[in-house]
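One-letter residues, chain by chain:
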Amino acid sequence: MEKIFGVTIPGSGEQYEYNPNARYVPVCGKYATHDMLSNGWCQLENSTTHEVVYPMGTCWQCTRCYLVLTTQNEPESSQGLGYYSYWQADAPTGTHLNVLVNDSSHIYYTTSNKLDGVTFRYSPY
């Protein structure tokens, strides 16, 4: 299977122009934060090195704009979020194992349990 940039859902996968000054827009339209709802699991792959960064992280998706975020660890983890990446999808992802493929410049690391402009919450299902 050919690797593409984006989430393995229909309508995603196009490469995009990267703005090095902005990782993601820390506001969601008229809302102050992205409402990131847990949405299954996600494998993060680095297209630059062809390595799996982590095989089973948490997939989050904004309930309003469909921004997808994957984190290595849970927000409650004492280790912080760890490696994370994002993709602006145009549709909801499934609640199964998603695959996010990004290059090294789109993969980040933090020891914090928070990200600016992001509110994490878990699905009740």
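Structure's up top.
Note on numbering: residues in each chain are counted from 1, in written sequence order. Residue-level local features of this predicted model are given only where pLDDT is at least 70; pairs of side-chain atoms are given and counted only at 80 or more, and the full residue set underlies all totals for whole chains, interfaces and linings. To obtain the side-chain values, all non-hydrogen atoms of the structure were used and water was disregarded.

Asker: Where do I start with the overall build of the protein chain in this structure?
Answerer: Helical segments are the DSSP runs of H or I of at least four residues, strand segments are the runs of E of at least two, and each set is numbered from the N terminus. Within the protein chain one finds zero helices and eight strands. For the protein chain, the sequential pattern of α-helices and β-strands runs β-β-β-β-β-β-β-β. Per-residue accessibility, obtained with a 1.4 Å probe over protein chains only, is compared with the maximum for each type, and a residue is labelled buried under 20%, exposed over 50%, and partly exposed between these values. Expressed as a percentage of its 125 residues, the buried residues of the protein chain come to 45%. Summed over all atoms, the accessible surface of the protein chain reaches about 7,100 Å², with 54% contributed by carbon and sulfur. Each accessible area is a Shrake-Rupley result for a 1.4 Å probe, and residues are judged covered by the shown protein chains and nothing else.

Asker: How should I be thinking about the pairing of strand β3 (residues 51-62) in this particular structure?
Answerer: Regular strands show a simple pattern: their side chains alternate between the two faces of the sheet. By this definition, two strands are paired if DSSP reports at least two bridges between them. Looking at chain direction, strand β2 (residues 34-46) and β3 are connected through eight bridges and run antiparallel. Residue pairing in the sheet places L44 in a bridge with Y54 of β3. Counting the residues that bridge the hairpin from β2 to β3 gives four residues, and of these H50 lies at a positive phi of roughly 60°. Across four bridges, the pairing between β3 and strand β4 (residues 67-71) is antiparallel.

Asker: Whenever I open this one, the nonpolar core confuses me. Can you help?
Answerer: Proteins that are soluble and globular tend to have nonpolar side chains buried together. Among the nonpolar cores identified, the biggest contains 13 residues, and M36, L69, L115, V118 and F120 are the most heavily contacted of them. Secondary structure elements with two or more residues in this core: β3, β4, β5 (82-88) and β8 (118-121). It only takes one pair of heavy atoms within 4.5 Å for two residues to be counted as in contact. Other than its neighbours up to four places away in sequence, F120 contacts M36, W60, L69, P75, L81, N113 and L115. Take the buried Ala, Val, Leu, Ile, Met, Phe, Trp, Tyr and Cys residues and link them wherever side-chain atoms come within 4.5 Å; each set so joined is a nonpolar core. Counting nine residues, the second largest nonpolar core, distinct from the first, contains Y54, C59, V68 and I107.

Asker: Help me understand the environment of Y83, please; the structure alone is not making it clear to me.
Answerer: As for its placement among the helices and strands, Y83 is situated in strand β5. Setting aside its immediate chain neighbours within four residues, Y83 contacts V53, Y54, T70, T71, Q72, I107, Y108 and Y109.

Asker: Please clarify how the pairing of strand β6 (residues 97-102) should be interpreted in this entry.
Answerer: Extensive coverage of β6 is indicated by the burial of five of its six residues. As paired elements, β2 and β6 share six bridges and run parallel to each other. Looking across to β6, one finds that E45 is bridged to V101.

Geometric values such as these leave the question of function open.
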